[in-house]
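So the chains spell out like this:
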Amino acid sequence: MRIPLIAAAALIAAMGLAGTRLAAQSPPDDSEKEIERYRQMLSDPFSNPGFLAVDRGEVLWSEARGPKSVSLEGCDLGEGPGKLDGAYAKLPRYFADSDKVMDLEQRLLWCMDKVQGLDTKDVVARRFSGPGKASDMEDLVAFIANKSNGMKIAPPLSHPKEKEAAAVGEALFYTRGGVNDFSCATCHAEEGKRIRLQGLPNLSVKGKAAQETMASWPTYRVSQSALRTMQHRLWDCYRQQRWPVPEYGSDALTALTVFLETRAEGGEINVPSIKR
């Protein structure tokens, strides 16, 4: 009885090896094309749930809140108080009143504190939405970023602190750490890398891949049934690398975003997009 069992095992092993060779030699399937077709089907404002966040963000922007009972319309995002058109396309940037380089979420927290006198602890606690938990930040980012649609990513690098942030961000991009000894570059510094069905863009060089990636955030994540911002994307990347969870609105994440935006310069913004 042992001989047939051994023979069967050998046959199964041979079949497995043959299947492996066949898979390796087969042409790539059209999974990515089908995923992109699905995204296109949902890209219309009437189909993309991300535009619900845009509408909620518009209400929040003009709502009087905090001890000062004023709206965020007095917030300067770089183009002047209350001016939103094109502001997102030039963020992160240096702000003289805070003497810091800030991304959109950092700047909104600053304005909530300084302009509205709002205690931002609750806002930060709800920075990422979840079941039964809305996020003011995600909604505001969706609304403001949408005002830059059709405009080109143009990160300002004239101030010394903007240049410094870009250099720090580049260093962070290549810094390895965590239990897996990963860095951003582990996944995003070569062509043709994938995770399951998802292609991984090369963000280490300037060009189309970086432009299309950065110009499509914030995005509605179908798998999470939520709109997500770049802060969430970077936070989740570090979580998946098994790094310590980065602090929300940290200077480090802003610096990394500055570097990524320099790779994506010239990309045309179209948000909220839709992703898996």
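Residues numbered from 1 in each chain as written. Predicted model: local features only at pLDDT ≥ 70, side-chain atom pairs only at ≥ 80, totals over all residues. Heavy atoms only, no water.

S.K.: Residues and numbers for the sheet that holds strand E6 (residues 226-228), please.
M.R.: The strands making up a sheet associate through backbone hydrogen bonding, with each pair oriented either parallel or antiparallel. Strand order across the open sheet formed by 3 strands is E6-E5-E7, with mixed pairing between neighbours. Single-partner strands in this sheet number two, and they are E6 and strand E7 (273-275). The sheet shows a mean angle of 35 degrees between the axes of neighbouring strands, taken without regard to direction. Both strand E5 (residues 219-221) and E7 contribute to a ladder of 3 bridges, which runs parallel. For Arg221, the partnering residue across the bridge sits in E7 and is Lys275. (Pairing = 2+ DSSP bridges. Helix = DSSP H or I, 4+ residues; strand = E, 2+ residues; numbered from the N terminus. Axes fitted to C-alpha atoms, helices over the stretch in contact; angles between N-to-C directions.)

S.K.: How would you explain unusual backbone geometry if you had to name every residue and give the values?
M.R.: A cis amide bond links Leu91 with the next residue in sequence, Pro92, at an omega value of 0 degrees. Within the secondary structure layout, Pro92 lies in the loop between helix H3 (50-62) and strand E1 (93-95). In this structure, the amide linkage connecting Trp217 to the following residue, Pro218, adopts the cis form with an omega of 10 degrees. Position of Pro218 relative to the elements: it lies in the loop between helix H9 (208-214) and E5. If you check the backbone angles, Asp181 has positive phi at about 55 degrees while not being a glycine. Along the polypeptide, Asp181 turns up in the loop between helix H7 (160-174) and helix H8 (184-188). Of note, Ser225 is a non-glycine position whose phi angle comes to about 50 degrees, a positive value.

S.K.: Give a detailed account of the pattern of salt bridges, specifying residues and quantitative values.
M.R.: Two side chains that carry opposite charge are able to pair once their charged atoms sit near each other. If you walk through the whole model with that rule in mind, you get 17 salt bridges. Here Asp113 ties to Lys114 by a salt bridge, and the two come within 3.6 Å at their closest N and O atoms. Where Arg126 meets Asp122, a salt bridge forms, and the shortest distance between an N and an O atom there is 3.1 Å. Put simply, Arg65, Asp122, Arg126 and Asp136 are held in one network by salt bridges that share partners. (Salt bridge = Lys/Arg side-chain N within 4 Å of Asp/Glu carboxyl O.)

S.K.: An account of the nonpolar core is requested, with residue identities and associated values reported.
M.R.: Side chains of nonpolar character tend, in soluble globular proteins, to be buried together. Counting 52 residues, the largest nonpolar core has Trp61 and Leu108 as its most contacted members. Every element with two or more residues in this core is listed here: H3, helix H4 (104-114), helix H6 (136-146), H8, H9, helix H10 (230-241) and helix H11 (251-263). Per-element tally for this core: the top contributor is H6, with 7 residues. In this structure, Val101, Ala166, Ala255 and Val258 belong to the second largest nonpolar core, which totals 6 residues. (Core = buried A, V, L, I, M, F, W, Y, C linked by side-chain atoms within 4.5 Å. Buried < 20%, exposed > 50% of the residue type's maximum accessible area, 1.4 Å probe, protein only.)

S.K.: Go over the state of the cysteines, please, and point to the residues and values.
M.R.: Tallied over the entire structure, the rule returns 1 disulfide. Between Cys184, a free cysteine, and Cys237, which holds the nearest cysteine sulfur, the sulfur-to-sulfur gap is 6.8 Å. (Disulfide = S-S within 2.5 Å.)

S.K.: Please give an account of H6 that cites residues and values.
M.R.: For H6, the buried fraction is high: 11 of the 11 residues fall into the buried class. Taken together, the buried positions of H6 are Asp136, Met137, Glu138, Asp139, Leu140, Val141, Ala142, Phe143, Ile144, Ala145 and Asn146. Against the buried residues of H6 lie H3, H4, helix H5 (121-125) and E6. (Contact = heavy atoms within 4.5 Å.)

S.K.: With reference to specific residues and values, describe the environment of Val258.
M.R.: Within the secondary structure layout, Val258 lies in helix H11. For the pair Val258 and Ala165, spaced 93 residues apart in sequence, the C-alpha to C-alpha distance is 6.5 Å.

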